[in-house]
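Listed below are the residues making up each chain.
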Amino acid sequence: MPSVQLYDTTLRDGAQREGISFSVVDKLHIAQKLDELGIHFIEGGWPGSNPKDVEFFKKARSLHLPHSKLVAFGSTRRPKGKTETDANLLALANAGVTVATIVGKSSTLQVTQVLETTLDENLSMIVDSIGYLKTGGMSVFFDAEHFFDGFKADPSYALRVVEVAAGAGADCVVLCDTDGGTLPGEIAVAVEAARKVTNVPLGIHAHNDSELAVANTLAAVKAGVTQVQGTINGYGERCGNANLCSVIPDLKLKMGIDCVTDEQLAKLTEVSRYVSEVANLIPDAFLPYVGISAFSHKGGLHVSGLTKWAESYQHVDPTQVGNLPRTVVSELSGKRNILYKAKEMGLDLPLKGREAQKLLEQVKLLESRGFQYDNAEASFELLLHRAEPDYQPPFELVDFMVVVEKRRRSPTKKNLEEMLSEAMLKVRVGTEVMHTAAEGNGPVNALDQALRKALLQFYPSLAQVRLVDYKVRILEENVGTGAQVRVLIESSDGVEEWRTVGSSTNIIEASWLALADSLEYWLLKQEDK
Ligand SMILES: [Zn+2]
């Protein structure tokens, strides 16, 4: 076993984040991913609190998890209650797992004010509950809730709780910064004090309300804890939990603690994006280590440095965490950005200094009109090709017309209303001009259909290409329906995915530009094959 064990609570604490709702299937998929990442303990949920989690644990029995152990979460028995009849403890014992984490109070105020029981009864609840699960043959982790606040207010009671839990047989006592308000220095002092009262392994569970969850976790490890709890992308109640996507590489790359293998660490970015995908949240581009922008370089000076020496502006090698360096082409970029980006794309363009300068000016001009290439590499690559003097596009638009009609089939019956969209389009392929028309469920869809109809006759393999995402963003607020819009399209041929961009004050034109780029890009790639 490594000196630090990773404990993930994305499926329980992480799911507490506003806007996240995992289905049972989602949770099963995420558990599988966490196993690939080499997480030692996966907290699957609270079987005593909801039927969804009961179902999860039932279905999780058929998961194949070579690295991870599943953990069921619950709380200590009720005040004055009996362990044998406590529904919550029974659910833990029957969850079909060998490890349980139970939470109990470690702050005097919490015991008297919230739990409304005596300090002694709280200790008995902890002892009885741990003892009950241990007798059943389970490993038990005890989450000492509000430990750091409790330690500040009444250190002797907080430490007594740690001692008592350890004495009752807990396999790890996890110190929780439940409200996320503690500073790293205070964490270290409290962990050291806890170290003195027990030899049982300690853990840390930090929340991010003071934006210190990761810092507090590292401070606790330095002070001697050996289990770290956190979530993927830092998802969690309120401001979230300690972000394991930062904690893991910090431990391994900065502190030299081998908590995962090199191969597992290289899956970090993939797992981060996978979990945000399943959570239906846009991946945060600016997350350290795993964000798309974590190793992107926008300033001309930085890129100029990077072309000379790869590590000049990077704190670690991005490939270690499965991320990639990415040069952002933008208004800030210098001529070198263009050349570097072209190299990154494997394009051997005969871009002399002067041609690169011309191209840069064009990028700047287009960006001032709302195009943005940060997330539309395919459109950027086309831009590079179009800068070549002998570039022949696979097709060219001659003109198009789109008709949108809303009509009522009966003047009196409102429910017989319908929306119709039709597009007529002329494109040139080589010397031939094709004229097509198509209907669609909306104007962009009709345009897409008409364009495909025209091009399929020349390029039948184009049938594989489909749109997977279509996003419209208003670029100028406060100008209402006259605003500039940017359309980003993501396409796929079942093997690869690529993104294109279009911008205009006319949403149809912006869509057309992104659409046409998507198909043109794919056709160019086919020529290369
Ligand atoms: Zn928590």
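Structure shown above.
The following paragraphs examine the structure supplied in this document. In this text the structure is predicted, and so the values were computed from the model without any measurement.

Within the protein chain, the secondary structure is distributed over 18 helices and 16 strands. Summarising the internal contacts of the protein chain: among those between residues at least 6 apart in sequence, 67% fall at separations of at least 24. Only carbon and sulfur atoms are counted for the fraction: they give 51% of the accessible area of the protein chain, which is about 24600 Å². Across the protein chain, the centroid of the 55 positively charged side chains sits 2 Å from that of the 69 negatively charged ones.

Moving on, we come to the side chain of Asp86. Among the secondary structure elements, Asp86 is positioned in the loop between strand E3 (69-75) and helix H3 (87-93). Of the buried charged residues, Asp86 lacks a salt bridge, with Arg78 as the closest side chain of opposite charge at 4.7 Å. Polar side-chain contacts of Asp86 include one of 3.1 Å to the backbone nitrogen of Arg78. Within the local environment of Asp86, its side chain forms a polar contact with the backbone nitrogen of Asn88, the two atoms lying 3.2 Å apart. Residue contacts for Asp86: discarding those within four places in its chain leaves Arg77 and Arg78.

To continue, consider the packing of aromatic side chains. Counted by the stated rule, this structure contains nine aromatic pairs. A ring pair is formed by Phe400 and Trp512, whose centres lie 5.4 Å apart and whose planes are at 50°; its orientation type is tilted. Placement of Phe400 in strand E11 (residues 396-408) and of Trp512 in helix H18 (residues 507-528) is noted, with a sequence separation of 112 residues between them. An aromatic cluster is defined as three or more aromatic residues linked by ring pairs; in this entry it consists of Tyr7, Phe41 and Phe141.

Below, the discussion takes up the pattern of salt bridges. The final tally for this structure, using the stated rule, is 26 salt bridges. Notably, a salt bridge pairs Lys105 with Glu145, separated by 2.9 Å at the nearest N-O pair. Taken together, the positions of Lys105 in strand E4 (residues 99-105) and Glu145 in strand E5 (residues 139-145) put the pair 40 residues apart, joining distant regions of the chain. Per residue, the accessibility class of Lys105 equals that of Glu145, and both read buried.

Okay, helix H5 (residues 119-135) next. The end-to-end C-alpha distance of H5, which contains 17 residues, comes to 25 Å, matching closely the 24 Å that a straight helix rising 1.5 Å per residue would cover. For H5, the complete set of buried residues consists of Glu121, Asn122, Leu123, Met125, Ile126, Ser129, Ile130 and Leu133. Where H5 is buried, its residues meet H3, E4, helix H4 (108-115), E5 and helix H7 (155-167). Just downstream of H5 lies Gly137, where phi reads positive at about 90°.

On to the layout of surface pockets, then. By volume, the second largest pocket amounts to about 820 Å³. Residue lining of the second largest pocket: 38 residues in total, with Arg12, Trp46, Phe73, Ser75 and Val103 positioned closest to the centre. Contributing elements (two or more residues each) for the lining of the second largest pocket: helix H2 (51-60), E3, H3, E4, H5 and E5. The biggest single contributor to the lining of the second largest pocket is E4, with three residues. Among the residues forming the lining of the second largest pocket, the class breakdown is twelve nonpolar, 13 polar and 13 charged.

Attention now moves to the sheet that holds strand E13 (residues 432-440). Note on sheets: strands pair through backbone hydrogen bonds, and any given pair is parallel or antiparallel. Read from one edge of the open sheet, three strands run E11-E12-E13, paired in antiparallel fashion. On the outer flanks of this sheet lie E11 and E13, each paired with one strand and no other. Strand-to-strand twist of the sheet, defined as the mean angle between neighbouring strand axes without regard to direction, takes the value 10°. The pairing of strand E12 (residues 417-429) with E13 spans nine bridges and is classified as antiparallel.

Between two packed helices, what matters for the description is the angle formed by their axes and the separation of those axes. Orientation of helix H1 (residues 24-36) relative to helix H12 (residues 268-278), taken along the N-to-C sense of each, is 175°, at an axis distance of 10 Å. The pairing of H1 with H12 is recorded here as roughly antiparallel in orientation. Facing H1, whose interface residues are Asp26, His29, Ile30, Lys33 and Glu36, H12 presents Glu270, Val271, Tyr274, Val275 and Val278. By residue class, the composition of the contact of H1 with H12 is five nonpolar, one polar and four charged.

Residue Asn233 is not a glycine yet carries a positive backbone phi of 65°. For Asn233, the location among the structural elements is in the loop between strand E8 (227-230) and helix H10 (244-254). With a phi close to 50°, Arg238 is a non-glycine residue in the positive phi region. Counting through the fold element by element, Arg238 comes out in the loop between E8 and H10.

A surface patch of nonpolar side chains, amounting to about 230 Å² of accessible area, comprises Tyr470, Val472 and Ile507. Mapped onto the elements of the fold, Tyr470 is located in strand E14 (residues 466-474). Tyr470 gets classed as partly exposed once you look at its relative accessible area, which sits at 32%.

A covalent bond between the sulfur atoms of two cysteines is what we call a disulfide. Tallied over the full model, the rule gives zero disulfides. Free of any disulfide, Cys172 has its nearest cysteine sulfur in Cys176, 10 Å distant. Taking the relative accessible area as the measure of exposure, Cys172 reaches 3% and is therefore buried. In this structure Cys259 is a free cysteine whose sulfur lies 12 Å from that of Cys245, the closest cysteine sulfur available. Looking at Cys259, the relative accessible area reads 3%, which means it is buried.

Let us look at empty space enclosed by the protein. Inspection of every chain in the model, using the stated rule, returns one cavity of 30 Å³ or more. Each pocket or cavity is described by its volume, and for the largest cavity that value is around 30 Å³. Surrounding the largest cavity, Glu381, Leu382, His385, Tyr521, Leu524, Lys525 and Asp528 form its lining. Listed by contribution, the elements that provide at least two residues to the lining of the largest cavity are helix H16 (377-386) and H18. Per-class residue counts for the lining of the largest cavity are three nonpolar, one polar and three charged.

Conventions and cut-offs
- Residues numbered from 1 in each chain as written.
- Predicted model: local features only at pLDDT ≥ 70, side-chain atom pairs only at ≥ 80, totals over all residues.
- Heavy atoms only, no water.
- Helix = DSSP H or I, 4+ residues; strand = E, 2+ residues; numbered from the N terminus.
- Contact = heavy atoms within 4.5 Å.
- Areas by Shrake-Rupley, 256 points an atom, 1.4 Å probe, with all protein chains shown as cover.
- Lys, Arg positive; Asp, Glu negative; His and termini not counted.
- Charge placed at Lys NZ, Arg CZ, Asp CG, Glu CD.
- Buried < 20%, exposed > 50% of the residue type's maximum accessible area, 1.4 Å probe, protein only.
- Salt bridge = Lys/Arg side-chain N within 4 Å of Asp/Glu carboxyl O.
- Polar contact = N/O pair within 3.5 Å; in protein donor to acceptor, adjacent residues only side chain to side chain.
- Phe/Tyr/Trp six-rings, centres within 6.5 Å; stacked < 30°, edge-to-face > 60°.
- Expected span 1.5 Å × (residues − 1).
- 1 Å grid on protein atoms, 1.4 Å probe; cavity = no way out; pocket = protein on both sides within 12 Å on 5 of 7 lines; lining within 4 Å.
- Points joined across faces, edges and corners; volume = space filled by probe spheres on them.
- Nonpolar A, V, L, I, M, F, W, Y, C, P; charged D, E, K, R; others polar.
- Pairing = 2+ DSSP bridges.
- Axes fitted to C-alpha atoms, helices over the stretch in contact; angles between N-to-C directions.
- Parallel < 35°, antiparallel > 145°, perpendicular 65-115°, else oblique.
- Patch = residues over 30% accessible without salt bridge, like charges linked within 9 Å, V, L, I, M, F, W, Y side chains within 5 Å.
- Disulfide = S-S within 2.5 Å.

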